[in-house]
Structures are given as C-alpha cells and as structure tokens.
Amino acid sequence: QVQLVESGGGLVQPGGSLRLSCAVSGIRVRFNAMAWYRQAPGKQRELVATITSGGTTTYTDSVSGRFTISRDNAKDTVTLQMNSLKPEDTAVYYCNTQPLWLNYWGQGTQVTVSS
C-alpha cells in the first residue's frame, strides 16, 4: 500500500527558508521520477520541482534558483529545500510521482510565507 507523508511546513517570513520532507512507502523512489507539487488557495495544483530516477532535476520558473529537490534512495525520502521564500510561495505542498500514476495524494504540508 502506497503512502506519501509530507512534513516540514510552517509559517516563515519573506526571505526565510524551509525544508520539506516526504516519506515514501509502497514504491521505491530510486525507480521513479519524483516531484513536489503545490496548491495555493483558489488555484490549481502545479508542478514545482522534479527529480528523475537518474538524478536530473527541473524546476518551474518561479522557484528556479531558490528551491532544490533531492532524494535519499536508501531511506525512500524526497526533500525540497526552499530558500528566499516569497509570499506567493504560500500553498499546500505535496510530493508524488511524475508523471502522476499512483491515484493517491498524501495530506500535504502547509507553507505560509508572511510577515
């Protein structure tokens, strides 16, 4: 049974940093492209960052240079380091595969950037 458990969100001031973690069970991250998505209030869920099974990373333009996605194959975890946070980064953040094929979402972790 697949489980995706996101953690690490919180309230941070603009310019601050947060580190999100996703504990994955039921699949092996080393064999899947994994990604972080986010959904802001009133908006559709968007793809933020992807890491392929080969380790190649890609980012949406709005976070490029500020966010870093990584994974630990031994622990089956996926991490998103977020620096220089902006109010527009406020959203619920989710991890999942890319492309989406699990038909499952975790509960997400809330990130709020506000002074």
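What you see is a predicted model, and the numbers here were worked out from it, not measured in a lab. (Residues numbered from 1 in each chain as written. Predicted model: local features only at pLDDT ≥ 70, side-chain atom pairs only at ≥ 80, totals over all residues. Heavy atoms only, no water.)

> Can you tell me about the sheet that holds strand β6 (residues 57-59), naming the residues and giving the values?
The 6 strands lie next to each other as β2-β10-β9-β4-β5-β6, forming an open sheet whose pairing is mixed. The strands lining the two open edges of the sheet, one partner per strand, are β2 (10-12) and β6. Strand-to-strand twist across the sheet, computed as the mean angle between neighbouring axes with direction ignored, equals 25 degrees. Looking at chain direction, strand β5 (residues 46-51) and β6 are connected through 3 bridges and run antiparallel. The residue of β6 that forms the bridge with T50 is T58. (Pairing = 2+ DSSP bridges. Helix = DSSP H or I, 4+ residues; strand = E, 2+ residues; numbered from the N terminus. Axes fitted to C-alpha atoms, helices over the stretch in contact; angles between N-to-C directions.)

> Help me get a handle on the pairing of strand β7 (residues 67-72), residues and values and all.
Bridging between β7 and strand β8 (residues 77-82) involves 6 bridges; their strand directions are antiparallel. When the sheet's bridge partners are listed, S70 is paired in β8 with T79. The turn joining β7 and β8, which pair antiparallel and follow one another in sequence, is formed by 4 residues; a positive phi near 55 degrees is taken by D76.

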